[in-house]
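Residue-level listing of the chains:
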Amino acid sequence: MGSSVVDLGPRLAVVLVALTVLAAVAGRLPGLGQDRPVVVAAVRATVQLAAVSAVLLVVVRSLALSALFVLLMLGVAAVTAAGRVTGLALRSPGAARRVGTAAVPVLAGAAPVVALVLSGGAVPLRGEAVIPIAGILVGGAMTGTSLAGRRLREELATRRGEVEAALALGLPQQDAVRLVLRQAAGTALVPPLDQTRTVGLVTLPGAFVGVLLGGGSPLEAGAAQLLVLVGLLAAQVTAVWTVVELVARGRLLPDVPR
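First, a word on what this report is: a plain description of the structure on this page.

1. Focus on empty space enclosed by the protein
- Applying the stated rule across the entire model yields one cavity of 30 Å³ or more.
- Elements that contribute at least two residues to the lining of the largest cavity include exactly α5 (127-158) and α10 (218-248).
- Per element, the largest residue contribution to the lining of the largest cavity is three residues, and it comes from α10.
- Looking at the lining of the largest cavity residue by residue, the classes come out as five nonpolar, one polar and no charged.

So, in structure tokens, the structure goes:
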């Protein structure tokens, strides 16, 4: 196999531009109004991946630098999750506190799984292995946090009266919120559950394809993908559970009935 599975020449640029145009047109024609966000996202992804690729050439050679890079990923994940969960701009009052609180479920979801994977020897303790695995798990925990937080915020707005009724009946605040919102939080786990249940039958996810394209055997690819999927599931379930607890305790969403 050659040194690269993707042509890094002009043909790649032409295909990427064509794909961006296709996505932008599909986002505009039905009246979705997503043409500009699609183009902005594609340009940002291009710039960010180019910069990250250049940085990683240096970072992966050092385990200490790799650890710092993982902390950077955690920080960005916390900022992103805070905005999604609360629906508030980062420049609004209390932004630093919200970001710190949003970092709790991301860290609670990703940190134990990364620690288990690395300490168990399933992944070599090298930068080129640590960063991809940590990135996937941090990203999964961020997604779980964002989905659960947004779903709970919407559900709380819709069913606020039920929470207040439970409080009026003497139920403690945490129990009242959990009673109403726990089932809604479970919907945030539908994507990872469906992905895990259908792997190999409907899709061949990135880790599997990446190992194959990198010259690994199908058995090695399957083992890598299984590790990623089960790790993602553990990270996201833990993150969602943590979000529920933070919302129930009034720590994550400011307008929880008391």
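2. Considerations on the environment of Thr158
- Tracing the chain through its elements places Thr158 in helix α5.
- Using a relative accessible area of 65% as the deciding quantity, one classes Thr158 as exposed.
- Reaching out from Thr158, the side chain makes a polar contact with the backbone oxygen of Glu154 at a distance of 3.0 Å.

3. Notes on the pattern of salt bridges
- Using the criterion set out here, one finds four salt bridges in the structure.
- The partner of Arg151 in a salt bridge is Glu155, and the shortest N-O contact between them spans 2.9 Å. Linking Arg151 with Glu155, this pair stays in helix α5, spanning four residues, or about one helical turn.

What counts, and at which threshold
Residues numbered from 1 in each chain as written. Predicted model: local features only at pLDDT ≥ 70, side-chain atom pairs only at ≥ 80, totals over all residues. Heavy atoms only, no water. 1 Å grid on protein atoms, 1.4 Å probe; cavity = no way out; pocket = protein on both sides within 12 Å on 5 of 7 lines; lining within 4 Å. Points joined across faces, edges and corners; volume = space filled by probe spheres on them. Helix = DSSP H or I, 4+ residues; strand = E, 2+ residues; numbered from the N terminus. Nonpolar A, V, L, I, M, F, W, Y, C, P; charged D, E, K, R; others polar. Buried < 20%, exposed > 50% of the residue type's maximum accessible area, 1.4 Å probe, protein only. Polar contact = N/O pair within 3.5 Å; in protein donor to acceptor, adjacent residues only side chain to side chain. Salt bridge = Lys/Arg side-chain N within 4 Å of Asp/Glu carboxyl O.

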